[in-house]
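# Per-entry structural report
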Amino acid sequence: MEEFVKQFPAGFVWGAATASYQVEGAWNEDGKGENVWDHFSHQPYHIANGENGDVACDHYHRMKEDVELMSWLGLNSYRFSISWARVLPQGVGKVNEKGLDFYDRLVDALLDQGIAPNATLHHWDFPQALSEQGGWANRDMTDWFVEYAEVMFRRLGDRVSYWATHNEPKVVAMAGYLDGAFPPGRASVNEALLATHHLNLAHGKAVQAYRAGAYSGKIGIVLDIQNFEPATDSEADVLAAQRMSELNTNLFLDPILLGKYPAYILDWLGDQVPQLPQDDMPVIAAPIDFLGMNYYFTAKVEHSTNGLLKSHSENFSADGWGFTKFGWGIDPQGMAKGLHLLRDKYGNLPVMVTENGTPAQDAPDADGFVNDMARIRYLREHIAVVGDCIRSGCNVQGYYIWSLMDNFEWTSGYTPRFGIIRVEPGTLKRVPKRSAHWYRNVIAENKVCL
Ligand code: NOJ
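Computed from a predicted model, the values in this text were never measured in an experiment.

Now for the overall build of the chain. Within the chain one finds 15 helices and 15 strands. For 450 residues, the compact-globule estimate of 2.2 N^0.38 gives 22 Å, and the C-alpha radius of gyration of the chain, at 21 Å, lies within 12% of that figure. Considered along the principal axes of its C-alpha atoms, the chain spans approximately 60 × 55 × 45 Å. The proportion of buried residues among the 450 residues of the chain is 60%.

The following block contains the structure:
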């Protein structure tokens, strides 16, 4: 049966991920400032069922118990994010020591269990005070971000193994400033393009600040690389898919790894593209140690006469796979396409799959146990693809499940449940699902069996 076993290389990093606003709660405790998600979710009609992250999983108070669960799972690494407004309530200036202490205790608790900390500085919840000064559309944000990053590097730089500047900056730029579905809820092509550039520049400046401190860990960025395929081989659909890919992926990947914005998309956007100082490009392309890749789905794209991109995408599922509860098309090979792209066109730098997972069917039985076979199937097939990609020369060094536990799924609230650990509504009791038991075994044996 050897051909059905995918053995992973020694030292492969097995992890699970969360993000501050999605799990911490304690939204106004111990001196924390308001962030854009606090502000947005406290206004009517923004979040499904009027939910918010005020309490979330209460991880802020249950951190010790959560780290014990990570230890039980056997995780080699835990990916979390830091709430900027918990550390700097106004975004800049006075540091909130109690907020900083929380992350200090988290990192020490992880290290006590032999779990390598993987910290993201910005996973969408930036301070409201800075948003009110234009947020990412304001170039000053790049320096404010560096001020915050340096506070974190100084405090945790001796103990954090992996840093990511941003998580999926595309979502901040496009959902936050182009279609307005996420905070700050702006709808402006100009602001979205400025936000794109400033997110990229802030990333590069933070990488330079990290290098200047000569810390011992590694630094990179987390981008979402979904798979966009043309619906047919007509020229119109092929071009539509290209626009979709370039706007979603290359607008970030190319400046960071190749030092330039993609010519095709600049051409397409024409005079909507703001004038940008050329000196910014080498800063944005400051060498990184690894790229974090989040992968969830494949979408098929067809030409449309409507909308900025003149493209329309439909989720596509590979034969026999179906869709996640989000309607995302399940397609494990779509992840291979992204990993091959990084191998072949972007220098094969070290890659961590920093998120992969699914909101599967999750109804608990009478004992509160979730027998999530559909999630196991999703994870197993995607992990197997990672193994195949490593064998075909992709430089993949780690894999993190999204998510360690059920949590606040942004504007969809608590209904989609991505965790391998169930968080019981109301009591917030943690109950490992069947997938958690399964993943524990994968980690212990360093292999996945099909
Ligand atoms: C990507 C985001 O980084 C994460 O916050 C989100 O919960 C997952 N995708 C699932 O949608």
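Because the α-helix completes a turn every 3.6 residues, residues three or four places apart line up on one side. Given a rise of 1.5 Å per residue, 24 residues ought to cover 34 Å, and the 35 Å separating the end C-alpha atoms of helix α9 (residues 189-212) matches this to within 8%. Remark: A214 follows α9 within two positions and exhibits a positive phi of approximately 50 degrees.

A few words on the site of the ligand. Taken together, the neighbourhood of the ligand is formed by 13 residues, with Q22, H123, N167, E355 and E409 sitting nearest. Within the side chain of Y296, one N or O atom sits 3.5 Å away from a nitrogen atom of the ligand. One nitrogen or oxygen atom from the side chain of W410 is found 2.9 Å from an oxygen atom belonging to the ligand. Burial of the ligand by the surrounding chains reaches 95%, relative to a free accessible area of 300 Å². Classifying every residue of the shell around the ligand gives six nonpolar, four polar and three charged.

Attention now moves to the pattern of salt bridges. What the rule picks out here adds up to 26 salt bridges. For R86, the salt bridge goes to E24, with nearest N and O atoms at 2.8 Å. Taken together, the positions of R86 in helix α4 (residues 84-87) and E24 in the loop between α1 (20-23) and α2 (36-41) put the pair 62 residues apart, joining distant regions of the chain. D344 is the salt-bridge partner of R343, the closest N and O atoms lying 2.7 Å from each other. The exposure class of R343 is partly exposed, given its relative accessible area of 23%. Here the salt bridges do not stand alone but share partners, grouping E97, D101, D104, D108, R155, D158 and R159 into one network.

A word on the pairing of strand β6 (residues 218-224). Counting buried positions along β6 gives six out of seven residues, so the element sits mostly inside the fold. Where strand β5 (residues 162-167) lies against β6, four bridges are found, and the strand directions are parallel. In the sheet register, W163 faces β6, and the bridge partner there is I219. With five bridges joining them, β6 and strand β8 (residues 290-294) adopt parallel strand pairing. Across the sheet, the residue bridging to V222 is G292, located in β8.

So, how was this worked out
Residues numbered from 1 in each chain as written. Predicted model: local features only at pLDDT ≥ 70, side-chain atom pairs only at ≥ 80, totals over all residues. Heavy atoms only, no water. Helix = DSSP H or I, 4+ residues; strand = E, 2+ residues; numbered from the N terminus. Rg over C-alpha atoms; globule rule 2.2 N^0.38 Å. Buried < 20%, exposed > 50% of the residue type's maximum accessible area, 1.4 Å probe, protein only. Expected span 1.5 Å × (residues − 1). Near = heavy atom within 4 Å. Polar contact = N/O pair within 3.5 Å; in protein donor to acceptor, adjacent residues only side chain to side chain. Areas by Shrake-Rupley, 256 points an atom, 1.4 Å probe, with all protein chains shown as cover. Nonpolar A, V, L, I, M, F, W, Y, C, P; charged D, E, K, R; others polar. Salt bridge = Lys/Arg side-chain N within 4 Å of Asp/Glu carboxyl O. Pairing = 2+ DSSP bridges.

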